[in-house]
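For reference, the chains in residue letters:
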Amino acid sequence: APTLQVTREALALEGHPFAKLSVLETPSVQQSVLHDLTNAAASSAAAPRGATPALVGPRPRPDMSLLADRAVPGAVLRRVLSLAREAGVHHLQVLLARGDAPVIPAGAPREAGFLLPGDFAALDVELGDQGLEPAADASFEAFAAQLVQARERAEPVRVRAPRR
C-alpha cells in the first residue's frame, strides 16, 4: 500500500512532497491532493497482491498507510482523512512510532535519524461516516492514543472521515 506522510509542513506520498499544509484549505489544493490520493489508491488496488504474512483473523489489505508527525494538528488530520476517504481509501494502516520521540544528539551522523520498519507498529482502521475523530485543537499524538485504546478494547477501529 502506498504511504501518505503528513509532516508539520507538507503532505508526501512515498517520500515525495506534493502539497503544503499552509494552503490545504484552499479548494484548488484540495482538488490536487484528492487527485494524487486517488491515483495512489488506484495504483495500490491494481498492484499484484503477492504473498502476505499470516494475519490474526480476517483483515482486508489496507488501501493506504498513514505516517504522521506527532505534532500535526487534529484539524489537518481531519481534512487529510476526509480527502483520503473521498479518494477511495476505506482501510487505512496507521503507522505509530514505538516509544518516545527519538532524541538525536547534535553532530550525530545523518544515519542516526533514519528509522527502520521495526520502529513502527501498524494499526488498521476503517474510514467512514462514524467513529473516532481527532479533536481540531489536539495533536496526532493525542489521537493516536485514542486509536490504541480502541484497539485494546478489541473493537474494530473506525475513524470518522466525512466526504466533503
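Residues numbered from 1 in each chain as written. Predicted model: local features only at pLDDT ≥ 70, side-chain atom pairs only at ≥ 80, totals over all residues. Heavy atoms only, no water.

S.K.: Would you mind showing me how to read the pattern of salt bridges here?
M.R.: Any two side chains of opposite charge can pair, on the condition that their charged atoms come close. Taken as a whole and judged by the stated rule, the model has seven salt bridges. We note a salt bridge from R158 to E126, for which the minimum N-O separation is 3.4 Å. One end of the pair, R158, is in strand 7 (residues 158-160); the other, E126, is in strand 6 (residues 120-128), with 32 residues separating them in the sequence. When the shortest N-O distance is used, the salt bridge between E133 and R160 registers 3.1 Å. Of this pair, E133 sits in the loop between strand 6 and helix 3 (140-152) while R160 sits in strand 7, and the two are 27 residues apart along the sequence. Assessed through its relative accessible area of 29%, E133 is described here as partly exposed. Overall, R160 belongs to the partly exposed group, its relative accessible area being 32%. Each member of the salt-bridge network shares a partner with another, and the members are R78, E133 and R160. (Salt bridge = Lys/Arg side-chain N within 4 Å of Asp/Glu carboxyl O. Helix = DSSP H or I, 4+ residues; strand = E, 2+ residues; numbered from the N terminus. Buried < 20%, exposed > 50% of the residue type's maximum accessible area, 1.4 Å probe, protein only.)

S.K.: Teacher, can you tell me more about the nonpolar core here?
M.R.: It is characteristic of soluble globular proteins that their nonpolar side chains tend to be buried jointly. Counting 39 residues, the largest nonpolar core has V6, L24, L37 and L92 as its most contacted members. Of all the secondary structure elements, the ones that give two or more residues to this core are strand 1 (3-6), strand 2 (10-13), helix 1 (27-46), strand 4 (64-68), helix 2 (74-86), strand 5 (91-97), strand 6 and helix 3. (Core = buried A, V, L, I, M, F, W, Y, C linked by side-chain atoms within 4.5 Å.)

S.K.: Help me understand the sheet that holds strand 5, please; the structure alone is not making it clear to me.
M.R.: Through backbone hydrogen bonds, the strands of a sheet pair up, either in parallel or in antiparallel fashion. Across the sheet, which stays open at both edges, the seven strands sit in the order 3-2-1-4-5-6-7 with mixed pairing between neighbours. Of all strands in the sheet, those with a lone pairing partner are strand 3 (16-20) and strand 7, marking the two edges. Going across the sheet, the axis of each strand differs from the next one's by a mean of 30°, ignoring polarity. Two strands pair when backbone bridges link them, and strand 4 and strand 5 are joined in this way by four bridges, in the parallel orientation. Across the sheet, the residue bridging to L66 is V94, located in strand 5. Lying over the sheet, helix 2 contacts strand 1, strand 2, strand 4, strand 5, strand 6 and strand 7, oriented at roughly 65° with respect to strand 6. Relative to the sheet, helix 3 contacts strand 4, strand 5, strand 6 and strand 7, its axis offset from that of strand 5 by approximately 110°. (Pairing = 2+ DSSP bridges. Axes fitted to C-alpha atoms, helices over the stretch in contact; angles between N-to-C directions. Contact = heavy atoms within 4.5 Å.)

The quantities given are spatial measurements derived from coordinates; they are silent on function.
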